[in-house]
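Architecture at a glance
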Amino acid sequence: MSLIPTLTETISRARADLRMGLPVVIGSYLVAAVETLSAERLADMHALGQNILALTGRRAETLKARVYDDGLARVQVPKDGDLRWLRALADPAGDLMTPMKGPLLTQRGGEVQPHQAALALAKSAQLLPAMLMVPAEAQPGLTVLAAGPLLAQLAGEAAMAPVASARLPLLAAERSRLHIFRPDDGSTEHYAIEIGDPPRDAPVLTRLHSACFTGDVLGSLKCDCGPQLQSALTAMGQAGAGVLLYLNQEGRGIGLANKMRAYDLQNQGFDTVEANHRLGFEDDERDFRIGAALLRRLGFDTVRLMTNNPRKVEMLEGQGISVAERVALITPRNRFNTGYLDTKARKSGHLL
Ligand SMILES: Nc1nc2c(ncn2[C@@H]2O[C@H](COP(=O)(O)OP(=O)(O)OP(=O)(O)O)[C@@H](O)[C@H]2O)c(=O)[nH]1
Ligand SMILES: [Zn+2]
């Protein structure tokens, strides 16, 4: 029956539910995101039994909670564990002011797939990966998912369909087109800016740019994104041809709200990588397959890639796009971005 939601559609609904503060069902657990949970719903979850807080291994490490399972910890929530207690575990903003949250008792043994799935779903919804879980029957009206298929689907690649495209004269190049691509999993659209009329049978000057609202739009001095975006477009304009993929993976995939949480931690003295880890994320949560998929969709299979990030080169090669040349994209340093650029070079392997 075609009118029954598919797994992909149900997952997209689940993301929206969690972002609004509505719990979902994963396997035999009722699951809620701590970030959006209300006191009323927390009370209802307490009434159902022993709650567990699923945290990523990264967050658990910061909290000195024991990680028995690969990549995650299951913290027992005391009966009087209120929203303030849960939020202090979920959000590192107050870690330095109130360093001791414990002692935290973590579970070992038993199934962990629902917890893994819950954390993966939180990340895909760009919520803090801290999920409250209690064993429960499915409640009427709640979105229901099975853990295994959910995990498999989230690890998979969304199909990307072209939606619309139009001529768009730019300051850097008057002969340009903007193409919009829409993933079939309900996530955000990605854009391709095609400059001139690049031949499909020769390496095309290419930039894979991850969205940075603060750098691209506001001209933030904390990162190099804005100047990189402009200099890539300018180079393509001068060359007369190129393609810039504008991938909506703000904050290396953690979203703008979490990036601002990371900036707040950076103001407390942590570097860009440590800040992501303290929030419970990996330092780079982007799905690098999207760029390759869009290039293929546009008909390109060989690129001259403008980047300082060797992972982007490896990823494209791994996805069957050949990188004929890496073109460095060095932008000016200032007193606000120099530490960030040093950290990228030291910890993320950037060639700067
Ligand atoms: N989480 C997090 N994201 C950041 C921070 N500063 C910048 N970003 C994001 O980092 C991404 C930078 O993307 P890119 O310029 O494509 O990539 P890159 O991996 O640095 O590689 P290049 O191709 O060399 O520029 C953007 O999504 C920014 O929003 C930060 O401190 N924390
Ligand atoms: Zn930036």
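Residues numbered from 1 in each chain as written. Chains lettered and ligands numbered in written order. Predicted model: local features only at pLDDT ≥ 70, side-chain atom pairs only at ≥ 80, totals over all residues. Heavy atoms only, no water.

Per an unreviewed UniProt entry, the recorded name for the protein chain is GTP cyclohydrolase-2, and the organism is Paracoccus saliphilus. As recorded by UniProt, the Pathway (unreviewed entry) comment attached to the protein chain reads in full: "Cofactor biosynthesis; riboflavin biosynthesis; 5-amino-6-(D-ribitylamino)uracil from GTP: step 1/4." Of the protein chain, the UniProt comment under Function (unreviewed entry) reads exactly: "Catalyzes the conversion of GTP to 2,5-diamino-6-ribosylamino-4(3H)-pyrimidinone 5'-phosphate (DARP), formate and pyrophosphate." (UniProt positions renumbered as here; feature names shortened; annotations may be inferred.)

**Remarks on the UniProt feature "binding site: GTP" (unreviewed entry) in the protein chain**
The positions that UniProt labels "binding site: GTP" (unreviewed entry) are, in the present scheme, Arg207, Leu208, His209, Ser210, Ala211, Gln228, Glu250, Gly251, Arg252, Thr272, Thr307 and Lys312. Spanning 106 residues, the named residues do not form one spatial group; their C-alpha atoms are separated by as much as 22.6 Å. When only the residues just named are considered, the largest pocket is lined by Ala211 and Glu250. Within the secondary structure, Ala211 sits in the loop between β10 (204-210) and α7 (213-217). Here Ala211 is in contact with Asp216, Tyr246, Leu247, Asn248, Gln249, Glu250 and Gly251, once residues within four sequence places are set aside. As for its position among the elements, Glu250 is in the loop between β11 (242-247) and α9 (256-267). By relative accessible area, Glu250 is classed as buried at 11%. Once residues lying within four places of it in the same chain are set aside, the contact partners of Glu250 are Ala211, Cys212, Phe213, Gly255, Leu256 and Lys259. (1 Å grid on protein atoms, 1.4 Å probe; cavity = no way out; pocket = protein on both sides within 12 Å on 5 of 7 lines; lining within 4 Å. Helix = DSSP H or I, 4+ residues; strand = E, 2+ residues; numbered from the N terminus. Contact = heavy atoms within 4.5 Å. Buried < 20%, exposed > 50% of the residue type's maximum accessible area, 1.4 Å probe, protein only.)

**Topic: helix α8 (residues 225-239)**
For α8, spanning 15 residues, the distance from its first C-alpha to its last is 21 Å, which sits close to the expected 21 Å at 1.5 Å a residue. When α8 is considered as a whole, its buried residues turn out to be Cys225, Gly226, Gln228, Leu229, Ala232, Leu233 and Met236. Buried positions along α8 lie against β9 (190-195), β10, α7, β11 and β12 (302-306). At the C-terminal side of α8, Gly240 shows a positive phi close to 85°. (Expected span 1.5 Å × (residues − 1).)

**Digging into the UniProt feature "active site" (unreviewed entry) in the protein chain**
Mapped onto this numbering, the UniProt entry gives "active site" (unreviewed entry) at Asp284 and Arg286. Those annotated residues lining the largest pocket are, specifically, Asp284 and Arg286. Tracing the sequence through the fold places Asp284 in the loop between α10 (272-279) and α11 (289-298). Residue classification places Asp284 among the buried residues on the basis of a relative accessible area of 16%. Those residues in contact with Asp284 that sit more than four places away from it in its chain are Arg252, Asn276 and Arg311. A distance of 2.9 Å separates a polar atom in the side chain of Asp284 from a polar atom in the side chain of Arg286. Residue placement: Arg286 occurs in the loop between α10 and α11. Beyond its immediate sequence surroundings of up to four residues, Arg286 is in contact with Ser210, Gln249, Arg252, Gly253, Asn309 and Lys312. At 2.7 Å, the side chain of Arg286 and the side chain of Ser210 are in polar contact. (Polar contact = N/O pair within 3.5 Å; in protein donor to acceptor, adjacent residues only side chain to side chain.)

**Observations regarding the sheet that holds β11**
With mixed pairing, the seven strands of this open sheet are ordered in space as β7-β8-β9-β11-β10-β12-β13. Looking at strand neighbours, the two that pair on one side only are β7 (160-167) and β13 (322-327), the edges of this open sheet. Geometrically, the sheet is characterised by an average inter-axis angle of 25° between neighbouring strands, direction not taken into account. The pairing of β7 with strand β8 (residues 176-183) spans seven bridges and is antiparallel. Looking at β8, one finds that Pro162 is bridged to Phe181. Those strands touched by α11 are β7, β8, β9, β10, β11 and β12, and its axis lies near 140° from that of β11. (Pairing = 2+ DSSP bridges. Axes fitted to C-alpha atoms, helices over the stretch in contact; angles between N-to-C directions.)

**Considering the coordination of the zinc ion (ligand 2)**
Here the zinc ion (ligand 2) is held by the protein donor atoms Cys212 (SG), Cys223 (SG) and Cys225 (SG), which lie 2.1 to 2.2 Å from it. For the zinc ion (ligand 2), the donor residues sit on a single chain with the sequence spacing C-x10-C-x1-C. Residue Cys212 is located in the loop between β10 and α7, and its partner Cys223 is located in the loop between α7 and α8; the two are separated by eleven residues in the primary sequence. Here the two residues Cys212 and Cys223 agree in accessibility, since each one is buried. (Donors = N, O, S within 2.8 Å, 3.2 Å for Na, K, Ca; no water.)

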